Amino acid sequence: MPTWFEFPITAWRYQSSLERALGVALSPALLLEEQTHGATRDVVWAYAEALPRLLEGALDAKVVPLGFARGSITAAEVESPALVPGLEYVQTTSPEVCRLYAPFVPWFKVIGRQSVEALAEVGGAVRRVDVCFTEPFEIEAPFEVVWQWGRPEPRPHWFRWSSNLDHLIPVALLDDDVWLCWDRDYHRPRIHAFERGVHDGCHGPRDVHPDPAPPPWASPDEALRGGRGWAATTAHAGKRSEVSIDADGQRWLLLSSWECNVSALHDAWRRGRPVASEMTRPGQHGTMVSLELVGNRARFEWIGVRRVLRVRAGRLEQLTVDHDLRWMAAHGLVELPEALDTTALLALPNVVAKQLPDGALEQGETDVEPGDRFVLLSSSAQRELEASGGGALAELLGRGSARQVARWIRSVLLRTDGYDAALVVDADAVATTLAPSDLPTPPPAPLEVTVNELVHDSRRFHGRHIRCRGIFHSRFEGMRFADAWFSCDPRLPMGTWLVDAEGRWICDGSRRGHMGMYDAELVGSATAVSIDHPRVVAEDRMAGARRYTPLRSEVTLEQRLQGWTLKGDRWLTRLGPDARLPEPPFPMQTRATITWMVDGFGSYGVFSWEIHDTTPLEPEFAMATDAIPLGKLVVLRGILRCPEAPAPSPPAATYGESPSNWSTWPSLDGALEIVPPRFVRSGDRYAMPRTTTIETMRDAIGDGRFVTVVGEKTKRTLFAISIESADGVLLEL
């Protein structure tokens, strides 16, 4: 049955119930792990790495995986007619997709009457169709129809991929805003946190720690710990409330903290200082339990509802006392009504009566015998384990190695309390901890930043060695990157280039670059990004494209007098050695295939284009006083007024400017300036008037004549294509 899950993942949205052969994604060992523990981090990562083979020719189609099993993809959201083999469940809004998959897929979830009718028409392998957001209607179909109109959405929920990032294919939800995805541009799995962008932290289905080969999402401290005879379900599960573990020699710590510096808490514990000494700000608090093995004795301290359990000879014993309501009542710290008995107190098991930094740690000690095992966990985690263990918790905690027990605990906690953790420590356990300096030190890598960060927070990166992808404008008197002067060596040819830039960022308050025009400077090198193999993106998915990545699309363009636009509202710029796109004699609508990219501010640049066909745009009638949208091709009628030439000024007063230039162009009805035809447009959108041009207009048409003007609206003028008077005099310059 399809299931809805929160975070972190424990199961796919669709749980396959069919027998199938082992697919290409999992090895036999990973298949056994999937069958035993479910979607572990290794299993999930294996599916992500195998996604190109699982989707085959549909990797660039609108397909979102919803379920995997036995090394194959079993369920998907499909919105384009691309065939994914082996699916058992399809969610779609497309009748065309319904017709394509009906011969093979038994279960559909659809929207709309047309989709249901398409499935009924084909029949095929369909056995059940769930219909969402559609008013019920009568239909004869060879399958069961389940209407989900007008009632709370049942399981499975209609899946919505909330991101418009076209370059990412979501594979698994790892956290409330963190997904494991397949990156179409870089051809590899990638963890994406929507609040923070790409994330390399500790998110992921938690496996057992320590790990000899930490996975890509592991927290940095996982590589620092090792040893024998102990294991934990996680090293760190981070939110505002953070659960973490630590180990040092024969000491172990399980810590839960709120709004704290976790590294500082761990450092205090390792140095033997009170953990509470690092909780100094209002609102900071936490609970903890620690264990230390000293010869044949075990010492422990705790606060809150964190516990130390001991498994000895098949028996389970709790060595600590929870600081809950029962503890408060037993110590006379609270007066409870006589009617509130022990049963009622058990109904409030998670009330913590004592915590850091206000409460003091309670201490205990016990003997240690060979074969003993200690388990550090919370009271809620133990309840979940007892419910899952069916009354045999002592046997389950004592069976196998510490790592095997930790894996079982993890599989239970993943299904219940995703942020809780547990430690398993054998009597002969030893933890080894490396200092960060003991790890191989790679050469310092440049700081990866974005153009937006450099532009909006330039001072923050002063003196840093940075790496950034962006647009480099290489001009004779302007070497510009991210609104900064770019001292690029070796220098690229003149033009506008998509580059990977690297170097030292300088923003010290002084003016830099040509004539001191820039607040910042980048000193380094740039490598032009190759555009030889752009990924193909459909026109309706261009908005979700990754920034600064060469792509290829078949689109509808409008070749206007001022330049080219996409969908009539986004101006296109030319990338490469030439900064201009060709100017048509008349505005055209063009179907073309372009190689393009979008920058960090939503502007589109074009590397190359192939025009398939063109159609002239039709102008619309309007008045000069109307609020005409920018770039609109219109026909205007009105009185043309040509200004008189000004008297020449003394040479001393006109140094550096032409005395024959007028302040305004001719106007139509006194509302809109008219720039005559054949004027160079894209080179100067706000062109200054020219004497000879205006004189030619006055001679050809005359002043104060009624004219018809066809042209394109700019911010303050109309670029004219033709100007015709009432007596048929057509202006041709």
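Residues numbered from 1 in each chain as written. Predicted model: local features only at pLDDT ≥ 70, side-chain atom pairs only at ≥ 80, totals over all residues. Heavy atoms only, no water.

A closer look at the overall build of the protein
Of regular secondary structure, the protein possesses 13 helices and 39 strands. Split into buried and exposed, the 733 residues of the protein put 50% on the buried side. If you take every contact in the protein between residues at least 6 apart in sequence, the share linking residues at least 24 apart comes to 55%. Roughly 34600 Å² of accessible area belongs to the protein as shown, and the carbon and sulfur atoms make up 52% of that amount. (Helix = DSSP H or I, 4+ residues; strand = E, 2+ residues; numbered from the N terminus. Buried < 20%, exposed > 50% of the residue type's maximum accessible area, 1.4 Å probe, protein only. Contact = heavy atoms within 4.5 Å. Areas by Shrake-Rupley, 256 points an atom, 1.4 Å probe, with all protein chains shown as cover.)

Thoughts on helix H1 (residues 28–37)
For H1, the full list of buried residues reads Leu30, Leu31, Glu33, Glu34 and His37. Here the buried residues of H1 occupy an arc of 160 degrees about the axis, which is enough to place them on one side. For H1, the exposed residues lying more than 90 degrees away from the buried face are Pro28, Ala29, Leu32 and Gln35. Backbone geometry just downstream of H1 places Gly38 in the positive-phi region, at approximately 90 degrees. (Arc of directions from axis to C-beta.)

A few points about the pattern of salt bridges
Inspection of the entire model under this criterion finds 41 salt bridges. Among the ionic pairs, Asp183 bridges to Arg546, the shortest N-O distance being 2.3 Å. Here the residue Asp183 occupies a position in strand E8 (residues 178–183), and Arg546 occupies one in the loop between strand E28 (535–536) and strand E29 (551–560), the gap between them amounting to 363 residues. Residue Asp185 is joined to Arg535 by a salt bridge in which the shortest nitrogen-to-oxygen separation is 2.7 Å. With a gap of 350 residues between them, Asp185 in the loop between E8 and strand E9 (188–193) and Arg535 in strand E28 connect regions that are remote in the sequence. (Salt bridge = Lys/Arg side-chain N within 4 Å of Asp/Glu carboxyl O.)

Quick word on the confidence of the model for the protein
Any region with low pLDDT has predicted coordinates that should not be read closely. For the protein, per-residue confidence averages 81 on the pLDDT scale, and 82% of positions sit at 70 or higher. Summarising per-element confidence for the protein, the mean pLDDT is lowest in strand E10 (residues 197–198) (44) and highest in helix H4 (residues 95–101) (96). The low-confidence segment residues 151–155, where pLDDT is below 50, has three contacts with residues more than four positions distant or belonging to other chains. Counting contacts from residues 196–206, a segment whose pLDDT is below 50, to residues more than four positions away or on other chains yields 44 contacts. (pLDDT = per-residue confidence, 0-100.)

Remarks on the sheet that holds strand E6 (residues 144–148)
If you trace the six strands from one edge of the open sheet to the other, you get E1-E2-E3-E4-E5-E6, paired in mixed fashion. Each having just a single partner strand, strand E1 (63–69) and E6 make up the two edges of the open sheet. Each adjacent strand pair in this sheet contributes to an overall mean axis angle of 20 degrees, direction not counted. Judged from the three bridges that link them, strand E2 (residues 72–78) and strand E3 (residues 89–92) form a sheet pairing that is parallel. Note that in E3 the partner of Glu77 across the bridge is Gln91. Seen against the sheet, helix H5 (residues 113–122) touches strand E4 (107–111) and strand E5 (128–132) and runs at an angle of roughly 145 degrees to E4. (Pairing = 2+ DSSP bridges. Axes fitted to C-alpha atoms, helices over the stretch in contact; angles between N-to-C directions.)

Points about the sheet that holds strand E18 (residues 315–318)
Read from one edge to the other, the open sheet built from five strands follows the order E11-E21-E20-E17-E18, with strand pairing classed as antiparallel. The open sheet has two edge strands with one neighbour each: strand E11 (225–232) and E18. Sheet twist, expressed as the average angle between the axes of neighbouring strands with direction ignored, equals 40 degrees. Here six bridges tie strand E17 (residues 306–312) to strand E20 (residues 373–378), and the two strands are oriented antiparallel to one another. Bridged to Val308 within E20 is Leu376. Together, E17, E18 and E20 form the strand contacts of helix H9 (residues 379–389), whose direction differs from that of E20 by roughly 110 degrees.

Quick word on the packing of aromatic side chains
Aromatic ring pairs are reported here in terms of the distance separating the ring centres and the angle at which the planes meet. This model, assessed by the stated rule, comprises nine aromatic pairs. Ring geometry for Phe137 and Trp147: centres 5.0 Å apart, planes at 70 degrees, overall edge-to-face. Note that Phe137 is positioned in the loop between E5 and E6 and Trp147 in strand E6, a separation of 10 residues in sequence. Phe137 gets classed as buried once you look at its relative accessible area, which sits at 14%. Accessibility expressed as a relative area gives 22% for Trp147, which makes it partly exposed. Their ring planes at 40 degrees and their centres at 6.0 Å tell us that Phe300 and Trp302 sit as a pair that is tilted. (Phe/Tyr/Trp six-rings, centres within 6.5 Å; stacked < 30°, edge-to-face > 60°.)

With respect to the pairing of strand E27 (residues 521–528)
On any regular strand, side chains alternate: one points to one face of the sheet, the next to the other face. Bridge count for strand E25 (residues 484–488) against E27 is four bridges, and the pairing is parallel. Across the sheet, residue Ser487 finds its bridge partner in E27, namely Val523. In the sheet, strand E26 (residues 495–506) pairs with E27 via eight bridges, with the strands oriented antiparallel. When the sheet's bridge partners are listed, Glu502 is paired in E27 with Ser525.

A few points about the side chain of Ser553
Along the chain, Ser553 turns up in strand E29. Of note is the side chain of Ser553, whose polar atom sits 2.9 Å from the side chain of Trp596. (Polar contact = N/O pair within 3.5 Å; in protein donor to acceptor, adjacent residues only side chain to side chain.)

Overview of unusual backbone geometry
As a rule of thumb, non-glycine residues mostly have phi less than zero, and peptide bonds are mostly trans rather than cis. The omega angle of the peptide bond from Leu356 to Pro357 is 5 degrees, so this bond is cis rather than trans. The peptide bond linking Asp489 to Pro490 adopts the cis configuration, its omega dihedral lying at 0 degrees. The residue Pro490 is located in the loop between E25 and E26 in this model. Phi at Phe133 is positive, roughly 55 degrees, even though this residue is not glycine. Among the secondary structure elements, Phe133 is positioned in the loop between E5 and E6.

Overview of the nonpolar core
Core analysis: the largest hydrophobic core is formed by 52 residues, its most contacted members being Leu55, Leu87, Tyr101, Phe108 and Leu119. Counting residues per element, this core draws most heavily on helix H2 (residues 41–49), at six residues. Once you skip the residues sitting within four places of it in the chain, Leu55 turns out to touch Val63, Ile73, Leu83, Val84 and Ile169. If you look at the next biggest cluster of nonpolar residues, it comprises 31 residues, including Val451, Phe472, Cys507 and Met597. (Core = buried A, V, L, I, M, F, W, Y, C linked by side-chain atoms within 4.5 Å.)

Regarding the environment of Thr614
Mapped onto the elements of the fold, Thr614 is located in strand E33 (residues 604–616). Under the relative-accessibility criterion, Thr614 is labelled partly exposed at 40%. Measuring from C-alpha to C-alpha, the distance between Thr614 and Met588 comes to 6.1 Å, with 26 residues separating the pair along the chain. Leaving out residues up to four positions away in the same chain, Thr614 has contacts with Gln559, Met588, Gln589 and Thr590.

Quick notes on the pairing of E20
For E20, a buried count of six out of six residues is recorded, marking the element as mostly surrounded by other parts of the structure. A two-sided burial pattern is seen for E20, the buried positions comprising Arg373, Val375 and Leu377 on one face and Phe374, Leu376 and Ser378 on the other. Relative to strand E21 (residues 423–433), E20 runs antiparallel, the two sharing four bridges. Among the inter-strand pairings, Arg373 is bridged to a residue of E21, identified as Asp426.

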